[in-house]
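Summary of structural features
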Amino acid sequence: MFNLKEELGNLENKGLKRRLLPLETSQGEEIVIAGKKCLNLCSNNYLGLANDLRLEEAAIAAIKEYGIGSGASRLVSGNVRLYEKLESDLAHFKGSEASLVFNSGYSANLGIISSLVNEKDIIFSDKLNHASIIDGIILSRAEFRRYAHKDMEMLEAGLKGSAGFRRRLIITDTVFSMDGDIAPLPKIAALAKKYQAEILVDEAHATGIFGATGSGMVEHFGLKAEIAFQMGTLSKAAGCFGAYISADKDAIDYFINRARSFIYTTSLPAAVLAASIKALEIIQAEPQRRKKLLANAKFFRDSLKKLGLDTLDSETQIIPVVLAEAVEFSRRLFKAGIFCSAIRPPTVPQNSSRLRITVMATHTGEQLEFALEKIKEIAKELGVI
Ligand SMILES: *Cc1c(COP(=O)(O)O)cnc(C)c1O
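1. Thoughts on helix H5 (residues 105–116)
The terminal C-alpha atoms of H5 lie 16 Å apart, and with 12 residues this matches the ideal 16 Å at 1.5 Å per residue to within 8%. Judged by how many residues are buried, H5 sits mostly within the fold: 10 of 12 residues are covered. Every buried residue of H5 is listed here: Gly105, Ser107, Ala108, Asn109, Leu110, Gly111, Ile112, Ile113, Ser115 and Leu116.

2. Things to note about the packing of aromatic side chains
If you walk through the whole model with that rule in mind, you get 4 aromatic pairs. Here Phe229 and Phe255 contribute two aromatic rings whose centre-to-centre distance is 6.2 Å and whose plane-to-plane angle is 65°, an arrangement assigned as edge-to-face. Taken together, the residues span a long stretch of sequence, with Phe229 in strand S8 (residues 229–233) and Phe255 in helix H10 (residues 249–258) at a distance of 26 residues. When its relative accessible area of 11% is taken as the criterion, Phe229 is described as buried. Note on Phe255: relative accessible area 0%, which makes it buried. Counting every residue linked through ring pairs, the aromatic cluster contains Phe229, Tyr254 and Phe255.

3. Examining the site of the ligand
Around the ligand, the surrounding shell holds 14 residues, and the nearest of these are Gly105, Tyr106, Asp202, His205 and Lys236. Interatomic distance of 2.6 Å between a side-chain N/O atom of His205 and an oxygen atom of the ligand. Lys236 has a polar side-chain atom sitting 2.7 Å from an oxygen atom of the ligand. A per-element tally of the shell around the ligand places H5 first, with 3 residues. Residues of the shell around the ligand, tallied by class, amount to 2 nonpolar, 9 polar and 3 charged.

4. Quick word on the side chain of Lys236
Mapped onto the secondary structure, Lys236 falls in the loop between S8 and strand S9 (243–247). Buried charge without a partner: Lys236 forms no salt bridge, and the closest opposite charge is Asp202, 6.6 Å away. When neighbours within four sequence positions are excluded, Lys236 is seen to be in contact with Asn44, Asn45, Tyr46, Ala204 and His205.

5. Overview of the environment of Ser246
Along the chain, Ser246 turns up in strand S9. Taking the C-alpha atoms as reference, Ser246 lies 8.5 Å from Gly232; in sequence the two are 14 residues apart. There is a polar contact of 2.6 Å between the side chain of Ser246 and the side chain of Ser99.

6. Details of the domain arrangement of the protein
Looking at the assigned domains, one finds that the protein contains domain 1 (15–44 + 287–381) and domain 2 (53–285). For domain 1 and domain 2, the distance between their C-alpha centroids amounts to 27 Å. Contacts between the two partners involve 21 residues from domain 1, matched on the other side by 25 residues from domain 2. Both faces combined, the contact of domain 1 with domain 2 buries some 1600 Å², and carbon together with sulfur accounts for 55% of it. Broken down residue by residue, the surface that domain 1 buries against domain 2 is led by Asn44, Arg290 and Ile318, which jointly contribute 34%. On the surface where domain 1 and domain 2 come into contact, there are 1 salt bridge. Between Asp179 and Arg354 there is a salt bridge; the shortest N-O distance is 2.6 Å. Of all the elements in the fold, those that place two or more residues in the side of domain 1 that touches domain 2 are helix H13 (287–306), strand S10 (318–322) and strand S13 (354–358). Looking at the side of domain 1 that touches domain 2 element by element, the count peaks at 6 residues for H13.

Definitions and limits used
- Residues numbered from 1 in each chain as written.
- Predicted model: local features only at pLDDT ≥ 70, side-chain atom pairs only at ≥ 80, totals over all residues.
- Heavy atoms only, no water.
- Helix = DSSP H or I, 4+ residues; strand = E, 2+ residues; numbered from the N terminus.
- Expected span 1.5 Å × (residues − 1).
- Buried < 20%, exposed > 50% of the residue type's maximum accessible area, 1.4 Å probe, protein only.
- Phe/Tyr/Trp six-rings, centres within 6.5 Å; stacked < 30°, edge-to-face > 60°.
- Near = heavy atom within 4 Å.
- Polar contact = N/O pair within 3.5 Å; in protein donor to acceptor, adjacent residues only side chain to side chain.
- Nonpolar A, V, L, I, M, F, W, Y, C, P; charged D, E, K, R; others polar.
- Lys, Arg positive; Asp, Glu negative; His and termini not counted.
- Salt bridge = Lys/Arg side-chain N within 4 Å of Asp/Glu carboxyl O.
- Contact = heavy atoms within 4.5 Å.
- Domains from an automatic or database assignment.
- Buried area = accessible area lost by both parts, 1.4 Å probe.

As structure tokens, this is what we get:
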């Protein structure tokens, strides 16, 4: 037998073994997890849409009309009309010619990257990009250059030496999922232009939050014309499930024909599509949600800094607190009624274990004050401040 037990034992000894915790509620500001009622400080349900009644009603109506399962892939068993609606809404929202929905952000990155480039091509990827991007790159077999986090000189040096490759693709998260900082998109766009590269951005943590209409960081920076491929998810701020790529019509047609994670998988349940359509509508109609989210984030981040805690370069709703004692800190928070997982290697680099705090638009001032009070107490107990 493979000695899996031994490997698990090693993880356990290093304090790196992961466990699943039973959850008994929806993903609200308060949850019941591992049998305890807690304030939720680590959900990507940023706008509170994951348990919005209007989304639930849209999903239930779609179930009544289309049932639960979708039967097969979209190319095989038919393309539910809700897909057409969701994809045209997404294209309008993102300001692109067309959009295509994938089953998840993970599978979107796998299919997009592995179909766009191959051995003849080269990819430049930020060191802190999401794991799904790394896996897509490996699958593509393209030459892979990782540049240090947001290091534009290193990116340029790589681009300079890349003339022999057929295609140059730069890939970056727009909001980094574990650090909460923002990619230097205007500089990346300028370099791409200079060296004839195309850009793929991952807006998983920006969709629904940044930009005048909430469509993401590309909108915030006014770079829709410069960025060929805008990918994002419907599973975080939109509170649903699935992901999208927005691009020109030819690119979308190409993915339909070439992206294996699109072709060889059963399509999403209609209920999920109906909920996503409703979520996009609410995101655009209720800008106060994203304003409240960013106000909550600023308040919380500023307060943590005042306590003397290290929040890296976070500028968003994702607020890391880097501490060697992250696991023990998280355990004590749980005891105090606050749920916030410790994030450890390999999800983050060695020696950068952290609490990854995420605030929500629906957190009340009282809830945030309570959390800050407990964080202060525990930081003192552990000698962190
Ligand atoms: C969460 C995430 C994904 C994966 O999306 P899922 O829909 O959860 O599969 C991809 N990229 C980034 C940056 C993410 O944070």
